Amino acid sequence: MSISFKVFSSRRLVKKLLLASIVIVTIFFSISSFYLVESYRRHPYSSHTETYKLAVLQAKTSYATSVKPSIIYDYATIIYNPTVYLSLANSVQYEFKLNWILYNNTKKGVVINTTHYLEPSITITTPAWSKKFPLTPKISESNSLTINDSIVLKDIENLVKTIDLEVQSASRRYDVNISIKLVVASTYSNGEKKQYVLEPYILLSVNELNNILVITTGGLTNTYSENNERITENKLYLPFGFSVSVASARSITLYTTIILGVVMMNLVFLASRVYGFTIEKNTAGLKKRVINGVVDESRFKLVVVSDIHSFNAISRKYDLPVIYNPEIGKYYLVLNDTVYVYSETSNRDANRE
């Protein structure tokens, strides 16, 4: 009696442990599947583009036109209009103020050395030809770099006519471009060298046909910058303040989900065997060869078979018909003076235990 009690107790313990294992594995499988889906829903890495200014070069221009005294300009000798009557203009005084800023908050490091130089020039452009000449303006440096000088319009007109004679053309319209090329060369603490260029200009557009001089300016600012692409790992945040990168979570949960899934299916299959979920199927297969009847157990030597599989194997081995007594739920195999008995009731009781 004590041996039977120990056997039943051990069976109950195994069943409880099996059920607890299925619950635990199912929980971990669900958690692993959730984070696997989350890892594939998010990108492993994020790209952020940061823009840094390297340098800003700026110029301020001013000009004034010396004109002949006339009633149209109230007898003024200096005017600041962008449009002037060509026949009244004598010369144009101009001024460039240049300054620049170099930034240190870049991946190049700190600026450790800076030099600059100027290339002043004047370019005359007509429909037939174009010619560039060097300039020698006055240059002074304080808070900013200042360049100023004046252009005598009669000298420009004579120069254009001289070149027209050489190329056999007659230019009644032409442009005089006064430009200052500023080059700032810098050396950074990482050893890199870089040049920044600004080319402001004052353009004098001469139209002898309409007797008009038009003055425009341009190229007054230039900004240099660089883009720094920064790549960061995205993370999945776990309970209790833990976190893991998306890439790591993707690789880890892929394996854990597969392993836990296989373990869970094996445990479920084992539970179906332990809890007897396949008995009805095996009994149904057995009932295809069953005939209903009554066997007097007192006339035979009884062999109790507790496993439906063993009972079915005996029936097939000796090609014996199965006698089934529905009133008591027993199956019989009669072999000479021996009868093999399988009871549905006892098997269900064992499964419940």
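Here the structure is a predicted model, which means the values were calculated and not measured.

Visitor: A description of the pattern of salt bridges should follow, citing residues and the corresponding values.
Guide: On inspection of all chains with the given rule, the structure shows eight salt bridges. Between glutamate 157 and lysine 154 there is a salt bridge, and its shortest N-O distance comes to 3.8 Å. Note that glutamate 157 and lysine 154 are positioned in helix 2 (residues 153-167) at a spacing of three residues, about one turn of the helix. Residue lysine 154 is classed as partly exposed on the basis of its relative accessible area, which comes to 48%. Residues glutamate 208 and arginine 172 are paired through a salt bridge, measuring 3.1 Å at the closest nitrogen-oxygen approach. One end of the pair, glutamate 208, is in the loop between strand 11 (201-207) and strand 12 (212-218); the other, arginine 172, is in the loop between helix 2 and strand 9 (173-188), and 36 residues separate them in sequence. Residue classification places glutamate 208 among the partly exposed residues on the basis of a relative accessible area of 22%. Taken together, the shared-partner salt bridges connect Glu38, Arg41 and Arg42 into one network.

Visitor: Tell me about the sheet that holds strand 19 (residues 330-335), and name the residues and values.
Guide: If you walk across this open sheet you meet the five strands as 16-18-19-20-17, and the pairing is mixed. Here the strands that pair on one side only, and so sit at the sheet edges, are strand 16 (290-292) and strand 17 (301-304). The mean inter-strand angle of the sheet, taken between neighbouring strand axes irrespective of direction, is 30°. Inspection of the sheet shows strand 18 (residues 322-325) paired to strand 19 by three bridges, in the antiparallel sense. Bridge pairing in strand 19 places isoleucine 323 opposite tyrosine 332. Against the sheet, helix 5 (residues 308-318) engages strand 18, strand 19 and strand 20 (338-343), with an angle of about 35° to strand 19.

Visitor: Give me the packing of aromatic side chains: which residues, what numbers.
Guide: Across all of its chains, the model carries eight aromatic pairs by this definition. Note on phenylalanine 311 and tyrosine 342: the rings are 5.9 Å apart at their centroids and 40° apart in plane angle, and the pair reads as tilted. On the criterion of sequence distance, the pair formed by phenylalanine 311 in helix 5 and tyrosine 342 in strand 20 is long-range, its members being 31 residues apart. The pair formed by phenylalanine 311 and tyrosine 342 is uniform in burial state, with each residue classed as buried. Each residue in the set Phe311, Tyr324, Tyr331 and Tyr342 is aromatic and connected to the rest through ring pairs, giving one cluster. When the ring centre of phenylalanine 133 is taken as origin, the NZ or CZ atom of lysine 131, which lies over that ring, is 5.8 Å away.

Visitor: Quick rundown of unusual backbone geometry? Include the residues and the values.
Guide: One non-glycine residue with positive phi stands out, namely tyrosine 75, at about 60°. By secondary structure assignment, the location of tyrosine 75 is in the loop between strand 1 (45-67) and strand 2 (78-79). Even without glycine at this site, glutamine 168 takes up a positive phi of about 60°. By secondary structure assignment, the location of glutamine 168 is in the loop between helix 2 and strand 9.

Visitor: Which residues make up the nonpolar core, and what are the values?
Guide: Among soluble globular proteins, nonpolar side chains are generally buried collectively. Within the largest apolar cluster, 44 residues are counted, with the highest numbers of intra-cluster contacts made by Phe96, Leu98, Ile156, Ile178, Leu182, Leu204 and Leu213. Per-element tally for this core: the top contributor is strand 9, with seven residues. With near-sequence residues (within four places) excluded, isoleucine 178 lies in contact with Tyr94, Phe96, Ser121, Ile122, Leu135, Ile151, Pro200, Tyr201, Ile202 and Leu204. By size, the runner-up hydrophobic cluster in this structure holds 12 residues, among which are Val290, Leu320, Tyr324 and Tyr340.

Rules of the game
Residues numbered from 1 in each chain as written. Predicted model: local features only at pLDDT ≥ 70, side-chain atom pairs only at ≥ 80, totals over all residues. Heavy atoms only, no water. Salt bridge = Lys/Arg side-chain N within 4 Å of Asp/Glu carboxyl O. Helix = DSSP H or I, 4+ residues; strand = E, 2+ residues; numbered from the N terminus. Buried < 20%, exposed > 50% of the residue type's maximum accessible area, 1.4 Å probe, protein only. Pairing = 2+ DSSP bridges. Axes fitted to C-alpha atoms, helices over the stretch in contact; angles between N-to-C directions. Contact = heavy atoms within 4.5 Å. Phe/Tyr/Trp six-rings, centres within 6.5 Å; stacked < 30°, edge-to-face > 60°. Lys NZ or Arg CZ within 6 Å of the ring centre and 35° of its normal. Core = buried A, V, L, I, M, F, W, Y, C linked by side-chain atoms within 4.5 Å.

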